[in-house]
Amino acid sequence: MFFINGLNAVTNTFHPLFALGAGLSLTQIGALSSIRSWASSSSRFGSGPLFSRFNPAGFTLPLVIVGTLATCAIPSVISSFLLQIPLFAVAGLSRGLLRVTGSADAFDGTGNDDRLQGLTAALLYGGLDLGKIVLPVVGGAVAGAFGIATMFRVVPAGLLLLYLALAIPARRAIVRPASVPQ
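Just so it is clear, the model here is predicted, and its values are computed rather than measured.

A.B. asks: What exactly am I supposed to notice about the packing of helix α1 (residues 2-21) against helix α4 (residues 81-108) here?
C.D. replies: Packed helices, taken two at a time, are described by the angle between their axes plus the distance between the axes. Interaxial distance between α1 and α4 falls to 10 Å at its minimum, and their mutual angle equals 150°. The angle between the axes of α1 and α4 places the two elements in the roughly antiparallel class. For the crossing formed where α1 meets α4, the hand is left-handed. Of α4, the residues touching α1 (which contributes Phe3, Ile4, Asn5, Asn8, Thr11 and His15) are Gln84, Phe88, Arg95, Leu98 and Arg99. A class-by-class count of the residues in the contact of α1 with α4 yields four nonpolar, five polar and two charged.

Shown next, in the form of structure tokens:
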């Protein structure tokens, strides 16, 4: 959840500045933001039929990678409104489906334990909030030191590496059966 909101917050914070400097109009910048939001919101409505047929956990890593790549590609097409449309649509789709897969994944392990469900909800929403708080500051520091274009490539890639560093060991721990005391 930290990844989802962090990546979105960095884009929301710095894309308008970057795109305005590249010659996009305020209307075009607003439209790109709306496209990302629309793709994110509408993908959640379609996630039910999709995830009733397929395990949501299998989508998480590909969606994280696709969202990262879409964001990292923004500097390459920053002066073209039309070329940014698919990037913002893909980023929105990724974000919307990750909200579903992340929640489903987290709550799968809680069973019917109300305390565990409450703790899981607190951690999920805390991660969302923390991403929105921390990543714009990190993005600002990177952009201040190296420029906004570099920030759009480095921060999402760094987030992906952080995600992989945390998710891979966590998945292995879940898959590995607990040792049985003798």
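A.B. asks: Please explain α1 as it appears in this structure.
C.D. replies: What sets the pattern is the α-helix's 3.6 residues per turn: residues three or four places apart point alike. Between its terminal C-alpha atoms α1 stretches 29 Å, which fits the 28 Å expected from 20 residues at 1.5 Å a residue. Of all the bends in α1, the greatest reaches close to 40° and is centred on phenylalanine 14; the proline proline 16 follows between one and four positions later. Just beyond α1, the residue with positive phi is glycine 23, at close to 105°.

A.B. asks: Explain the packing of α1 against helix α5 (residues 114-146) to me, please; I cannot follow it from the model alone.
C.D. replies: Look at α1 against α5: their axes get within 7 Å of each other, and the N-to-C directions meet at 45°. As judged from the angle between their axes, α1 and α5 are oblique. Of the two elements, α1 crosses α5, and the hand of that crossing is right-handed. Touching Phe2, Asn5, Gly6, Ala9, Val10, Thr13 and Phe14 of α1 are Gly127, Leu128, Leu130, Gly131, Lys132, Val134, Leu135, Pro136, Gly139 and Gly140, all from α5. Here the residues of the contact of α1 with α5 sort into nine nonpolar, seven polar and one charged.

A.B. asks: Can you walk me through the nonpolar core in this structure?
C.D. replies: Phe3 and Met151 are the most contacted members of the largest nonpolar core, which totals 36 residues. The set of elements that each furnish at least two residues to this core consists of α1, α2 (26-53), α3 (57-72), α4, α5 and α6 (148-175). The contacts of methionine 151, once residues within four sequence positions are left out, are Val10, Phe14, Gly139, Val142, Ala143 and Pro156.

Rules of the game
- Each chain has its residues counted from 1, running along the sequence as written.
- Local features in this predicted model are restricted to residues whose pLDDT is 70 or higher, and side-chain atom pairs enter the listing and the counts only when it is 80 or higher, whereas totals over whole chains, interfaces and linings include all residues.
- Hydrogens and water molecules were not included; the side-chain quantities draw on all heavy atoms of the structure.
- Axis lines are fitted through C-alpha atoms, for helices just across the contact stretch, and the angle between N-to-C directions can take any value from 0 to 180 degrees.
- Each helix is a run of H or I in the DSSP string that is no shorter than four residues. Each strand is a run of E no shorter than two, and both are numbered from the N terminus.
- Between 65 and 115 degrees an angle is taken as roughly perpendicular, under 35 as roughly parallel, over 145 as roughly antiparallel, and anywhere else as oblique.
- Left-handed describes a crossing whose near helix is turned anticlockwise from the far helix by less than a right angle; the clockwise case is right-handed.
- The contact criterion used is simple: two residues touch if any of their non-hydrogen atoms lie within 4.5 Å.
- Just so you know the grouping, Ala, Val, Leu, Ile, Met, Phe, Trp, Tyr, Cys and Pro go in nonpolar, Asp, Glu, Lys and Arg go in charged, and all remaining residues, Gly too, go in polar.
- Residue count minus one, scaled by 1.5 Å, sets the expected span of a helix.
- Bend is the name given here to the angle between axes fitted to two runs of seven residues, the run ending at a residue and the run starting at it.
- Note on terminology: a nonpolar core comprises buried Ala, Val, Leu, Ile, Met, Phe, Trp, Tyr and Cys residues joined through side-chain atoms within 4.5 Å.
- Think of it in three bands: residues with accessible area under 20% of the maximum for their type are buried, residues over 50% are exposed, and the middle band is partly exposed, with areas taken using a 1.4 Å probe on protein chains only.

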